[in-house]
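Each chain is listed here by its residues.
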Amino acid sequence: MELEVEIIRLGAQGDGVAEGPERPIFVPFTLPGERVRVELDEGGSGHAGLLEVLEPSPDRVAPICPHFGSCGGCALQHMESHVYLRWKRAQVVAALRSRGLDAEIEEVRPVPLGSRRRASLALGRFAGRLALGYRRARSHDLIDVATCPVLSPPIVASLPKLKGALAPLLGGNGEAKITVTETGAGLDIVAEGLRPTAATLGAFAGQAAALGVARLTVDGESIAVGATPTVTLGDVAVRLPPGAFLQASREAEGVLVGLVRESVGGAKRIADMFAGLGTFTLALAGKAAVDAFEADEAALAALAEAARRTPKLKPVRTFIRDLFRSPLGAKELQGYDAVVFDPPRAGASAQAAELAKSRVPKLVAVSCNPGTLARDLRLLVDGGYRIARIVPVDQFLFSPHIEVVAHLTR
Ligand SMILES: C[S@@+](CC[C@H](N)C(=O)[O-])C[C@H]1O[C@@H](n2cnc3c(N)ncnc32)[C@H](O)[C@@H]1O
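### Describing the site of the ligand
- Neighbouring the ligand are 19 residues, the closest being Phe 274, Gly 276, Thr 279, Ala 295 and Asp 342.
- Taken together, the residues of the shell around the ligand sort by class into 11 nonpolar, 3 polar and 5 charged.

In structure tokens form, the structure reads like this:
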């Protein structure tokens, strides 16, 4: 059904929201104040496709990517940059308010275009043609990505050739998930759903150097085709296990590390929880002894190995630990001057509840989910901590997501 509606606000996913006859209607790629013609999705989901902007907002700008509007990777390229950053900050304000927290929130720190070093793409056939790219929003359709202003240019440049070289590995399979990471040794590719044979793998390996591919991992099994992929964290080269977490943008990582360093100040004994490969551990270990806690054994082993061969660091100890099930208790937390915790999207409620009972003077929470961050901060504030600083970082350009660093003291 076609309708004309007025957009009254943006929803949490960046879609415009209009009052429908029975319920709100969500229209992607629209802005508050705009009058738009839309096609309502069947099935009563409340979502609609944008057909035409009848009265544009003064905040509307031309998107910088020709795929914008069809590709599901970006939701917010049509928004003037200051308005866009204000909207991102407002997401953090709203999340904290929903937990009764009224802290001062700084301006969003932007990150440059072309700084994303990891992309998760789909490889398959769509409309009779081979495609390597993103899905259309709320659809299984595949957009063959020829250009992407968010991704690092070397990754974008590699895509057409990678598509051709990976296609024979699809075997009879319709589609595969391909994650491409730019590393110090070349591209690291992790694939799920390929059906390679010895012959197709051999053919891929033969082209790998020309493609700039350092390693291909298919369903957990790595084929080393070049040098071991490494990333540099805090001036230290760290071996990258296939699929280990990495901050999405190197530039955002630099901003996060800077904010964490400022927050821990002169702390001499630090716990880094959800430490991953050691993004914060290795940056802080120049000046402080750091204990790193993490559930991913391969990531922690790479961190431990990097710390061992870097003599200029203060002592780094690593502990495999599931911090959801077995958070550090108040007793174990004694003696740390600062704790950094950077959990996955689910947050760190069990650990936050223990930290709330502790006497650790400085805490730094790093989060990619303002909702779970706000929940965890509420626990800490109720335990007597004061929020000293909150800084949003626009790590996920043009998406509705935002990274946040929160500094707490007691
Ligand atoms: C957002 S990443 C942060 C990693 C690291 N701080 C960094 O900046 O690169 C979250 C990390 O939490 C780890 N993780 C997930 N669930 C966990 C759990 N239950 N206990 C401990 N670590 C966990 C993941 O393996 C991942 O390394």
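### Structural notes on the sheet that holds strand S20 (residues 386-393)
- With mixed pairing, 7 strands are arranged side by side in an open sheet as S17-S16-S15-S18-S19-S21-S20. Single-partner strands in this sheet number two, and they are strand S17 (316-320) and S20. Going across the sheet, the axis of each strand differs from the next one's by a mean of 15 degrees, ignoring polarity.
- Its contacts with the sheet put helix H9 (residues 370-382) on strand S19 (362-367), S20 and strand S21 (403-409), and the angle it makes with S19 is roughly 165 degrees.

### So, the domain arrangement of the protein
- With domains assigned, the protein is organised as domain 1 (2-60), domain 2 (86-112 + 246-409) and domain 3 (118-229).
- The C-alpha centroid of domain 3 is placed 32 Å from the C-alpha centroid of domain 2.

### A short note on the packing of helix H2 (residues 153-166) against helix H3 (residues 198-211)
- Remark: H2 packs on H3, axes separated minimally by 11 Å, with the N-to-C direction vectors making an angle of 175 degrees. Put simply, H2 runs roughly antiparallel to H3. Residues Ser 158, Lys 161, Leu 162 and Ala 165 of H2 touch H3, and the partners they reach there are Phe 204, Gln 207 and Leu 211.
- Across the contact of H2 with H3, the residue classes tally to 4 nonpolar, 2 polar and 1 charged.

### Overview of the sheet that holds strand S2 (residues 16-19)
- Read across the open sheet, the 5 strands follow the order S3-S2-S1-S4-S5; overall the sheet is antiparallel. Of all the strands in the sheet, just strand S3 (24-27) and strand S5 (48-55) have a single pairing partner and so form its edges. Strand-to-strand twist across the sheet, computed as the mean angle between neighbouring axes with direction ignored, equals 45 degrees.

### Some thoughts on unusual backbone geometry
- A positive phi is found at Phe 29, a non-glycine position, where the angle reads about 65 degrees.
- Counting through the fold element by element, Phe 29 comes out in the loop between S3 and strand S4 (35-40).
- With a phi angle near 60 degrees, Phe 274 is a residue other than glycine that sits in the positive phi range.
- Inspection of the secondary structure assignment puts Phe 274 in the loop between strand S15 (269-273) and helix H5 (279-284).

### Overview of the pairing of strand S6 (residues 118-126)
- Across 7 bridges, the pairing between S6 and strand S9 (residues 175-183) is antiparallel. Residue pairing in the sheet places Ala 122 in a bridge with Lys 177 of S9.
- Note that S6 and strand S7 (residues 129-135) share 5 bridges and pair antiparallel. Bridged to Arg 125 within S7 is Leu 130.
- Where S6 hands over to S7, the hairpin turn is made up of 2 residues, of which Ala 127 adopts a positive phi near 55 degrees.

Parameters at a glance
- Residues numbered from 1 in each chain as written.
- Predicted model: local features only at pLDDT ≥ 70, side-chain atom pairs only at ≥ 80, totals over all residues.
- Near = placed C-beta within 6 Å.
- Nonpolar A, V, L, I, M, F, W, Y, C, P; charged D, E, K, R; others polar.
- Pairing = 2+ DSSP bridges.
- Helix = DSSP H or I, 4+ residues; strand = E, 2+ residues; numbered from the N terminus.
- Axes fitted to C-alpha atoms, helices over the stretch in contact; angles between N-to-C directions.
- Contact = placed C-beta atoms within 7 Å.
- Domains from an automatic or database assignment.
- Parallel < 35°, antiparallel > 145°, perpendicular 65-115°, else oblique.

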